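These are the residues of each chain, in order.
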Amino acid sequence: MAVLAFVRRWAQAEIALMVAAALLGVLVLTRPSGLYPWLKALHVIAVIAWMAGMLYLPRLFVYHCEAEPGSRQSETFKVMERRLLTIIINPAMVVTWAVGLWLAWDGDLFASGWLEAKLVLVLVLSAVHGLCVRWVREFGLDQNRNPQRFYRLINEVPTVLMIGIVILAVVKPF
Ligand code: HEM
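Residues numbered from 1 in each chain as written. Predicted model: local features only at pLDDT ≥ 70, side-chain atom pairs only at ≥ 80, totals over all residues. Heavy atoms only, no water.

**A word on the packing of aromatic side chains**
No. 1: Applying the stated criterion across every chain yields a total of nine aromatic pairs.
No. 2: By way of ring pairs, the aromatic residues Phe61, Trp135, Phe139, Phe150 and Tyr151 are connected into one cluster.
No. 3: Sitting over the ring of Trp114, Lys172 keeps its end group 4.8 Å from the ring centre. (Phe/Tyr/Trp six-rings, centres within 6.5 Å; stacked < 30°, edge-to-face > 60°. Lys NZ or Arg CZ within 6 Å of the ring centre and 35° of its normal.)

Okay, structure coming up:
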């Protein structure tokens, strides 16, 4: 029963993704005038969702460290972490990257210094995202290996990266 429900949800997610990709494909190929600012708005919306998740998830890890493995509290944290990651953070990162790369291509911006520097910081942010996926998996198996202090420190990394990325994107200092 659980397997069936999982397969159905997976199929629904795949169909939704294909429809979204097809719609985006049509928009990108036909390039209607005035599309750029709309996609820039979509980029910023996705960035906000990605950052909100990346700022909140390590805080959940901090509190999860205090919960006894197997306790009700620990199980609740597992659900919160998994849902935050799969429903908000992962899709938001995909949209941020896809639309950001399209903006750079459409605006012929790949040679700009500010964008190159921004991409380095975004790659570091994406690596932290990848580590968060691993930590959610480890907490899910009650196999966390890091102390609470470690997650307190990690909690600051997305904030620092975000400040640098936004300054580069908005001020474009070089
Ligand atoms: C994932 C890779 C990313 C790429 C390829 C990318 C690329 C771009 C491009 C080409 C623009 C349009 C710039 C313009 O028209 O002036 C833009 C705008 C912007 N991006 Fe990104 N971006 C990425 C990720 C991010 C992230 C992670 C953040 C924030 C944490 C961010 C924040 C912004 C902001 C705030 C703007 C609006 C800038 C403005 O209009 O003044 N981007 N991005």
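Next comes the rest of the account.
**A short note on the pattern of salt bridges**
No. 1: With the rule as written, the count across this model stands at four salt bridges.
No. 2: Ionic pairing is found between Glu138 and Arg134, a salt bridge with its closest N-O pair at 3.6 Å. Of this pair, Glu138 and Arg134 both sit in helix α4 (residues 113-140), four residues apart, which is roughly one turn of the helix.
No. 3: On the basis of relative accessibility, which here comes to 43%, the residue Arg134 falls in the partly exposed class.
No. 4: Arg145 serves as the salt-bridge partner of Glu138, at 2.6 Å between the closest nitrogen and oxygen.
No. 5: Look at Glu138 and you get buried, because its relative accessible area is 11%.
No. 6: Residues joined in a network through salt bridges with shared partners are Glu75, Lys78 and Asp142. (Salt bridge = Lys/Arg side-chain N within 4 Å of Asp/Glu carboxyl O. Helix = DSSP H or I, 4+ residues; strand = E, 2+ residues; numbered from the N terminus. Buried < 20%, exposed > 50% of the residue type's maximum accessible area, 1.4 Å probe, protein only.)

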